[in-house]
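# Structure at a glance
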Amino acid sequence: ARPDESRQLEAQFATLPTLATPADLWQRATVLGQACRQIGRTVVSLDLLVAAVALHHNAVLVSFDADFEAFAAVSALRLQRLERPT
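Let me sum up the structure you'll find in this document. Everything numeric here is computed off the predicted structure, so don't read it as measured data. (Residues numbered from 1 in each chain as written. Predicted model: local features only at pLDDT ≥ 70, side-chain atom pairs only at ≥ 80, totals over all residues. Heavy atoms only, no water.)

## Points about the overall build of the protein
- Helix and strand content of the protein: 4 helices and 2 strands.
- Counting from the amino terminus, the protein carries its helices and strands in the arrangement α-α-α-β-α-β.
- Dimensions along the principal axes, computed over C-alpha positions, put the protein at roughly 40 × 30 × 20 Å.
- A total of 86 residues make up the protein; the buried ones form 27% of that total.
- Long-range contacts, defined as pairs at least 24 residues apart, comprise 37% of the intrachain contacts of the protein with a sequence gap of at least 6. (Helix = DSSP H or I, 4+ residues; strand = E, 2+ residues; numbered from the N terminus. Buried < 20%, exposed > 50% of the residue type's maximum accessible area, 1.4 Å probe, protein only. Contact = heavy atoms within 4.5 Å.)

Laid out in structure tokens, this is it:
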């Protein structure tokens, strides 16, 4: 986040619930990553873990990051993409 966004993000994150990590998180992330590779997308490991937790909980993943669209293309990930104001 830009410095001017940082304070606002911290305040917003403090209000969000946290989701438990499933015991088989790494296995789920591996399967998801392989599915992305099959469509020609290489994804970041940390993003795989975030997406796997969201999928486990059937949670909507809200992000500015377009990379999560690959996960939504190969899974039931519910994604809400945000756009940065210009």
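We are not done yet, so read on.
## Side note on the environment of S75
- Looking at the element boundaries, S75 is found in the loop between α4 (68–74) and β2 (78–81).
- Among the residues examined, S75 registers a relative accessible area of 26% and is labelled partly exposed.
- When the C-alpha positions of S75 and R7 are compared, they lie 33 Å apart, and in sequence the two are 68 residues distant.
- Contact partners of S75, with chain neighbours within four places excluded, come to L32 and L55.
- Here the side chain of S75 touches F71 through a polar contact of 2.6 Å, landing on its backbone oxygen. (Polar contact = N/O pair within 3.5 Å; in protein donor to acceptor, adjacent residues only side chain to side chain.)

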